[in-house]
Amino acid sequence: MDNRFAISEYPDAQEVTRELDALIQKPIYGISKEALAGYEKDYYEAKCARSKAMISEAQQIIPGGVQHNLAFNYPFPLVFSKADGAYLYDIDGNKYFDFLQAGGPTVLGSNPPAVREKVIELLNTCGPSTGLFHEYEYKLAKKISENFPTVEMFRMLGSGTEACMAAIRVARLATGKKNIVKMGGAYHGWSDQLAYGIRVPGSKWTQSHGVPHFCFKHTQEFFPNDLNDLEHKLRANQLRGGTAAVMIEPVGPESGTRPLDKDFNKNVETLCRKYGALLIFDEVVTGFRLGMSGAQGYFNVSPDLTVFGKVVAGGYPGAGGLGGKREYMQYLSAGISSSGISKSKKHHKALIGGTMAATPISCVAGYYTLCEIERTNAAQVAGQMGDRLTKGLQKLIKQYNLPFVAFNQGSICHLETVGTMHFFIDWKKPWTIPNVINQTTVRKKEMEYMGAAYMAEGLVTLAGSRLYTSAAYTDEMIDEALGRFERVFQNIVVKTE
Ligand SMILES: Cc1ncc(COP(=O)(O)O)c(C=O)c1O
């Protein structure tokens, strides 16, 4: 197993949690009104005219004018036309540091030639899809299996959401049990049954408009980093149809926005064994970003099923997959007959599909992306860049005496300025709920203003609070980016008392 990991020093989850607790007790600190007005006039109005014109047209036909939930809307979204390594370029010709990285898949940086050339070769010969088996389906599955000891078998799917759906179907079929227990605040895609307790722990169905409540009959959440709460749910479920699986984002909900104790995953594994539940690791973000063996290699945990996404297609479409132990994966065998794999034990196959799942283009891109990450030690290099960025941000936070919190798990960096996702809903104290809803709404708006300021300084972030680094960065580039963050930090004021 490849032992090079992105995390050089695991964050002290208790200390970070204390800092985040303190942040949400404080008034909101954000970009001053004058500075924001300056960015609007001198940057967005003066330098982003083509974006503005295109977005106002797009808004007529695309709801909201953009198609990604995390695309910034304030004062209007920008239109990007070029991506190269660590840089993005908009249609007005402005250049940005890319800390969004397409939402996580591009550990190598954008559009690496080593992958692009193989994709072009494939397009010249077979085109993007045929609906039939292609050798790269095998090559990619083998590459993943060689690096993840728990992945004896792998099936490629169209997205992380689909792979999460597949995982819980398999878990229910394999265990004959009903309930899925997930961590509050974690995101496992937007499927009906898993859109529960997303972003804000304790929020249950409240963030899932359009999903009927009955869909959540067998979905539960436990409080992040709280083993007692998890065990309590597992014990209670013994009398309510059992627990089919515990589903975990292994660095914590929302890619570690709430960090977990280092031994947390190992303890969850022990609880799963005790109560006969499968352990599902959602490695959509962490797989091949934390290292070639993902979070499970880093934490030395053996999940029964692993959900993949993002990096497994290297930023190309069709990024999803499920891997795991043979005894569980055979519930996914495709084809008219199940090829004799499961002759010894008759069982139902999980209903899984996708016209555009496992296309040659996603498999070829994924395969060469993983080869290139391994060859260049990209996960660890990206992690070193994340360390440099985080340390620099922490220094600036101190220098400007701000309540902000910066921490990282390798190349997954967090810059919490308002702590929106650190709130939680406590149903035992219903009178506190309106304040939580109000605070998260107001703070989200401030985060959007911060995002607008970062963007105007040439920094593209994920929703203004998460920063992914890639192996395309250098120390000099990180230092230059820090100079731009400093320009934003120079204009931070207290917004509310
Ligand atoms: C941890 C995690 N799981 C699942 C998903 C869903 O993946 P997709 O967006 O490919 O459907 C995401 C997406 O961001 C994610 O971060």
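Residues numbered from 1 in each chain as written. Predicted model: local features only at pLDDT ≥ 70, side-chain atom pairs only at ≥ 80, totals over all residues. Heavy atoms only, no water.

What follows concerns the pattern of salt bridges. If charged atoms from side chains of opposite charge come close, those side chains can pair. Counted according to the given criterion, the structure contains 22 salt bridges. A salt bridge links Asp-42 to Lys-41; its shortest N-O distance comes to 3.9 Å. Looking at Asp-42, the relative accessible area reads 48%, which means it is partly exposed. You can call Lys-41 exposed: its relative accessible area is 59%. (Salt bridge = Lys/Arg side-chain N within 4 Å of Asp/Glu carboxyl O. Buried < 20%, exposed > 50% of the residue type's maximum accessible area, 1.4 Å probe, protein only.)

The next thing to look at is the packing of helix 7 (residues 227–237) against helix 9 (residues 264–275). One way to put it is that helix 7 packs onto helix 9 with a least axis distance of 11 Å and a crossing angle of 15°. One element, helix 7, and the other, helix 9, form an angle in the roughly parallel class. In the crossing of helix 7 with helix 9, the sense of the turn from one axis to the other is right-handed. Counting all contacts with helix 7, which are made through Leu-227, Leu-230, Glu-231, Leu-234 and Arg-235, the residues of helix 9 involved are Phe-264, Asn-267, Val-268, Leu-271, Lys-274 and Tyr-275. Tallied by class, the residues present in the contact of helix 7 with helix 9 amount to seven nonpolar, one polar and three charged. (Axes fitted to C-alpha atoms, helices over the stretch in contact; angles between N-to-C directions. Helix = DSSP H or I, 4+ residues; strand = E, 2+ residues; numbered from the N terminus. Parallel < 35°, antiparallel > 145°, perpendicular 65-115°, else oblique. Left-handed = near helix turned anticlockwise from the far one by under 90°. Contact = heavy atoms within 4.5 Å. Nonpolar A, V, L, I, M, F, W, Y, C, P; charged D, E, K, R; others polar.)

What follows is about the domain arrangement of the protein. When the domains of the protein are assigned, the result is domain 1 (13–111 + 377–494) and domain 2 (113–375). A separation of 27 Å is found between the C-alpha centroids of domain 1 and domain 2. Both sides of the domain 1 and domain 2 interface together cover about 2700 Å² of buried area, and 58% of this is carbon and sulfur. Inspection of the domain 1/domain 2 interface yields one salt bridge. The partner of Glu-254 in a salt bridge is Arg-466, with the nearest N and O atoms 2.7 Å apart. Applying the counting rule to domain 1 against domain 2 returns 19 residue pairs in polar contact (both at pLDDT 80 or more). Counting residues per element, the ones that place at least two in the side of domain 1 that touches domain 2 are helix 1 (13–25), helix 13 (378–399), strand 12 (405–409), strand 13 (412–416) and strand 15 (466–468). Take the side of domain 1 that touches domain 2: its biggest share by element is four residues, from helix 1. Grouping the constituent residues of the side of domain 1 that touches domain 2 by class yields 16 nonpolar, 12 polar and two charged. (Domains from an automatic or database assignment. Buried area = accessible area lost by both parts, 1.4 Å probe. Polar contact = N/O pair within 3.5 Å; in protein donor to acceptor, adjacent residues only side chain to side chain.)

Around the ligand, the surrounding shell consists of Ser-159, Gly-160, Thr-161, Tyr-187, His-188, Gly-189, Glu-249, Asp-282, Val-284, Val-285 and Lys-310. In the environment of the ligand, an oxygen atom lies 2.5 Å from a nitrogen or oxygen atom belonging to the side chain of Thr-161. At 2.9 Å, a side-chain N or O of Lys-310 approaches an oxygen atom of the ligand. Within the complex, the protein chains bury 80% of what would otherwise be the 390 Å² of accessible surface of the ligand. Looking at the shell around the ligand residue by residue, the class counts come to three nonpolar, five polar and three charged. (Near = heavy atom within 4 Å. Areas by Shrake-Rupley, 256 points an atom, 1.4 Å probe, with all protein chains shown as cover.)

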